[in-house]
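# Fold and geometry: a report
For reference, the chains in residue letters:
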Amino acid sequence: MPGEIITLQAGQCGNQVGEQFWSQICSEHGILPDGTTSPETHNLYREDQTDIFFQRNDNNRYTPRAILIDMEPRVINNIRSNTGSLFNPKNIYVAPEGGGAGNKWAEGYHHAQRHEEEFLDMVNREIDACDSFEGFQLIHSVAGGTGSGIGSFFLQELSDRFPKKLVQTYSVFGASEVVVQPYNTVLTLKRLIENSDANVVFDNNALMSIASTNLQVSSPSYKDTNKLISTVMSAATNTLRFPGYSYNSLTSILSTLIPTPDLHFLIASYTPFTSDYVSNAHEIRRSTAYDVILEVLDKKLRMCSSSDTGMNLSVLDIIIGEIEQSDVQKALVKARTRINYVPWSSSAIHMALGKRSPFLNKSQKQVSGLMLANSTSILKLLRKTLSEYDQLKSRGAFLNNYSRGEYEFDHGDISMEFDEARETLKTTMNEYRDSEELSYLDEIDPDEDAGQITESAPRDVDMT
Ligand SMILES: Nc1nc2c(ncn2[C@@H]2O[C@H](COP(=O)(O)OP(=O)(O)OP(=O)(O)O)[C@@H](O)[C@H]2O)c(=O)[nH]1
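Along each chain, numbering runs from 1 in the same order as the chain's sequence is written. With the structure being a predicted model, the display of local features is reserved for residues of pLDDT at least 70 and the display and counting of side-chain atom pairs for 80 or more, all residues being used for whole-chain, interface and lining totals. Side-chain metrics in this entry use all non-hydrogen atoms of the structure; hydrogen atoms and water are not considered.

For the chain, the name recorded in an unreviewed UniProt entry is Tubulin gamma chain, with Ogataea parapolymorpha as its organism. Note on the chain: under the UniProt heading Subcellular location (unreviewed entry), the record states "Cytoplasm, Cytoskeleton, Microtubule organizing center". UniProt positions are given in the numbering used here, feature names are shortened, and annotations may be inferred rather than shown by experiment. Of the chain, the UniProt comment under Sequence similarities (unreviewed entry) reads exactly: "Belongs to the tubulin family."

Next comes the structure, spelled out in structure tokens:
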């Protein structure tokens, strides 16, 4: 069996996206919103793997392998009232003070330091309940205080304590709603870069634009954006939950996408959205693998603001539904000519074939597809973040929010934290830029291979 994955969701955004993700994968596995199952499903012959994301007890009740953390009660209370007893109550933490982190990374980070033991107890208990634990996924926003600060603390602790386990994040960048967002984002980016293996990056500007342009929602809400994110998460984990011959472990997916350990930001594009989850999705004509492989290249479908001129280090398509092999081959020939690769990459579009859940609307026959790209076009978002950070920092604005006496930091004080975080981000940006040159391979330190995600080569449809 593929290894289990433990989900950590922190802060308002992390928990709201998480709620949508669990609702979506429950319905894909025939699990009711409260974790129970209807009697018809008990004796079904099933090919899906529920154990990766759920624990199941003798009464066929499913409990997500999830830890929910927030510093204010509102979102978690909503989740409790919407999902009844779905989540393990021992895995839900709401800060006793209840006031949130006030958009301060330092407040979230410091809170996690003080509650380290409680948090690690939850993690260790979940790991004990796994047979072959593979890794963690963190869902959070990098812009507020809780998802960024507590998220950062978790990333450091997990990579220190479980260095052999994978840590993947689904990280949401803000649309400048929070004035100190650049500080929170840069401090969190340092941990994403140094303490995790892969980050699927979303930004609210891009998500809102997809919701309004592609789905024609006149004023998109978080609920709309979260459906887009959870559709990506569901597709990204489809081949683990409905396993076939290849890409049935997180390791195999990430080893394809992350050719060098320092460059692990991933951009997601998805098409077409169907009414399974996104109620505004048009009832589209039947789509084929051919349509999907070409349409998913459309820059307007990227869920993170990114430049049009970047080069790809790697590309993985996860195509879900019934496909014709000949469609795939024809589309790949065309798609390859439309993708710009770094000169040292294999220029392959790796292809994972997923399965549509048997529990979803059977009359929907569409093929859908997710493209995950490790691309230098992420530099647009990173440059914008750095420039906003530099502007705020040069004015010394709001720094007192981060320098209260009781905060403790790895490097002694917050100003060193800021300098180190900026330096880490700048180094990664330079490395992405350098990766566009053939000479990049000569510069890679062979010792760094130790941090590379490896697995025996997965079987690809397209190997050229
Ligand atoms: N896509 C999306 N973005 C969200 C959601 N909730 C909040 N955000 C964005 O996340 C950023 C703020 O992060 P939050 O998650 O609200 O904050 P937090 O981590 O709970 O931290 P505090 O509020 O400081 O305790 C802002 O950019 C919001 O626009 C959500 O449900 N979906």
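## Side note on the sheet that holds strand S5 (residues 92-94)
In spatial order, the strands read S5-S4-S1-S6-S7-S8-S9-S12-S10-S11; together these 10 strands make up an open sheet with mixed pairing. The open sheet terminates on both sides in strands that have one partner only, identified here as S5 and strand S11 (349-354). Across the sheet, the mean angle separating the axes of adjacent strands is 20° when strand polarity is ignored. DSSP bridges decide pairing: two strands pair if at least two such bridges lie between them. Secondary structure elements follow DSSP: runs of H or I no shorter than four residues count as helices, runs of E no shorter than two count as strands, and numbering proceeds from the N terminus. Summarising the sheet, strand S6 (residues 135-141) and strand S7 (residues 166-173) pair through seven bridges and their orientation is parallel. Residue His-140 lies in a different strand from S7, and its bridge partner there is Ser-171. In this analysis, axes come from line fits to C-alpha atoms, helices being fitted only over the stretch in contact, and the angle between any two N-to-C directions falls in the range 0 to 180 degrees.

## Thoughts on the pattern of salt bridges
Salt bridges are defined by distance alone: a side-chain nitrogen of Lys or Arg within 4 Å of a carboxyl oxygen of Asp or Glu. Inspection of the entire model under this criterion finds 10 salt bridges. In this structure, Asp-434 and Arg-433 form a salt bridge, with 3.1 Å as the shortest nitrogen-oxygen distance. Overall, Asp-434 belongs to the partly exposed group, its relative accessible area being 24%. The network of salt bridges with shared partners includes Glu-116, Glu-157 and Arg-161. A simple rule labels every residue: compare its accessible area, found with a 1.4 Å probe on the protein chains alone, to the largest value its type can have, and call it buried under 20%, exposed over 50%, or partly exposed in between.

## So, the packing of helix H4 (residues 105-114) against helix H6 (residues 146-161)
Where H4 meets H6, the closest approach of the two axes is 6 Å, and the angle between their N-to-C directions is 45°. For the element pair H4 / H6, the angle class is oblique. Taken as a pair, H4 and H6 cross one another with a handedness that is right-handed. From H4, Trp-105, Gly-108, Tyr-109, His-111, Ala-112 and Gln-113 reach across to H6, where they touch Ser-148, Gly-149, Ile-150, Ser-152, Phe-153 and Gln-156. Polar here means any residue outside two lists: the nonpolar Ala, Val, Leu, Ile, Met, Phe, Trp, Tyr, Cys and Pro, and the charged Asp, Glu, Lys and Arg; Gly therefore counts as polar. In terms of residue class, the contact of H4 with H6 is made up of five nonpolar, seven polar and no charged. Roughly parallel means an angle under 35 degrees; roughly antiparallel means over 145; roughly perpendicular covers 65 to 115; every other angle is labelled oblique. The hand of a helix crossing depends on one turn: near helix anticlockwise from the far one by less than a right angle means left-handed, and clockwise means right-handed. We call two residues in contact whenever any of their non-hydrogen atoms come within 4.5 Å of each other.

## Some remarks on the state of the cysteines
Here, two cysteine sulfur atoms that lie within 2.5 Å of each other are counted as a disulfide. The final tally for this structure, using the stated rule, is zero disulfides. Of all cysteine sulfurs, the one in Cys-26 lies closest to Cys-130, which takes part in no disulfide; the gap is 17 Å. Summary of cysteine pairing: Cys-304 is not part of a disulfide, and the nearest cysteine sulfur, belonging to Cys-13, is at 14 Å.

## Section: the nonpolar core
If you look at the biggest cluster of nonpolar residues, it comprises 61 residues, and the most contacted ones within it are Val-123, Phe-136, Phe-265 and Tyr-402. Not counting the four nearest positions on each side in its chain, Phe-265 is found in contact with Leu-189, Leu-192, Ile-193, Asn-199, Val-201, Ala-373, Asn-374, Ser-375, Ile-378, Leu-382, Thr-428 and Tyr-432. Only buried Ala, Val, Leu, Ile, Met, Phe, Trp, Tyr and Cys residues count toward a nonpolar core, and they belong to the same one when joined by side-chain atoms within 4.5 Å. Grouped together as the second largest cluster of nonpolar side chains are 56 residues, Val-17, Phe-54, Ala-268 and Leu-316 included.

## Structural notes on the pairing of strand S10 (residues 312-320)
Among the nine residues of S10, nine are classified as buried, and the element is accordingly described as predominantly covered. Of the strand pairs in this sheet, S10 and strand S12 (residues 368-375) are connected by eight bridges, and their pairing is antiparallel. Each residue of the ladder has a partner; that of Ser-314, found in S12, is Asn-374. Relative to S11, S10 is paired through six bridges, and the arrangement is parallel. The partner of Val-315 across the bridge, within S11, is Ile-349. By the criterion used throughout, a crossover qualifies as right-handed when its path from the first strand across the helix to the second strand runs clockwise, the strands pointing away from the viewer. Read as a crossover between parallel neighbours, the route from S10 over helix H13 (residues 325-338) to S11 is right-handed.

## What about the packing of helix H8 (residues 204-214) against helix H9 (residues 222-236)?
Axis separation between H8 and H9 bottoms out at 9 Å; the angle between their running directions is 95°. Taken together, the axes of H8 and H9 are roughly perpendicular relative to one another. Residues Asn-204, Leu-207, Met-208, Ile-210 and Ala-211 of H8 lie in contact with H9, whose contacting residues are Tyr-222, Asp-224, Thr-225, Leu-228 and Ile-229. Here the residues of the contact of H8 with H9 sort into seven nonpolar, two polar and one charged.

## Here we look at the packing of aromatic side chains
Centre distance and the angle of the planes are the two values used to describe a pair of aromatic rings. Each pair of aromatic rings taken from Phe, Tyr and Trp, with Trp reduced to its six-membered ring, is defined by centres within 6.5 Å and is described as stacked if the planes are under 30 degrees apart, edge-to-face if over 60, and tilted in the remaining cases. Evaluation of the coordinates by the stated rule reveals 20 aromatic pairs. Centroid distance Tyr-93 to Phe-119: 4.8 Å. Interplanar angle 90°. Geometry classified as edge-to-face. With Tyr-93 in strand S5 and Phe-119 in helix H5 (residues 116-128), this pair connects stretches of sequence that are 26 residues apart. Plain terms: the ring middles of Phe-133 and Phe-136 are 4.9 Å apart, the flat faces sit at 75° to each other, and that makes the pair edge-to-face. The same class applies to Phe-133 as to Phe-136, namely buried. An aromatic cluster of at least three residues, connected via ring pairs, comprises Phe-21, Trp-22, Phe-53, Phe-54, Tyr-62 and Phe-87.

## A closer look at the site of the ligand
Being near a molecule or strand, for a residue, comes down to having at least one heavy atom within 4 Å of it. The immediate surroundings of the ligand are formed by 21 residues, with Gln-16, Asn-103, Thr-146, Gly-147 and Tyr-222 found nearest. Interatomic distance of 3.5 Å between a backbone N/O atom of Gly-102 and an oxygen atom of the ligand. Interatomic distance of 2.7 Å between a backbone N/O atom of Gly-147 and an oxygen atom of the ligand. Residue exposure ignores everything except the shown protein chains as possible cover, and the areas themselves are Shrake-Rupley values with a 1.4 Å probe. Protein contacts shield 93% of the accessible area of the ligand, which totals 630 Å² for the unbound molecule. Elements with a contribution of two residues or more to the shell around the ligand: helix H1 (11-28), H6 and H9. As used in this structure description, the phrase polar contact means that two N or O atoms lie within 3.5 Å; if the pair is within protein, one of them must be able to donate a hydrogen and the other to accept it, and residues adjacent in sequence are counted only when both atoms belong to side chains.

## Overview of the UniProt feature "domain: Tubulin/FtsZ GTPase" (unreviewed entry) in the chain
The UniProt entry lists residues 50-244 under the feature "domain: Tubulin/FtsZ GTPase" (unreviewed entry), expressed in the numbering used here. Across residues 50-244 one finds 48% helix and 18% strand; the C-alpha atoms that close the span lie 14 Å apart.

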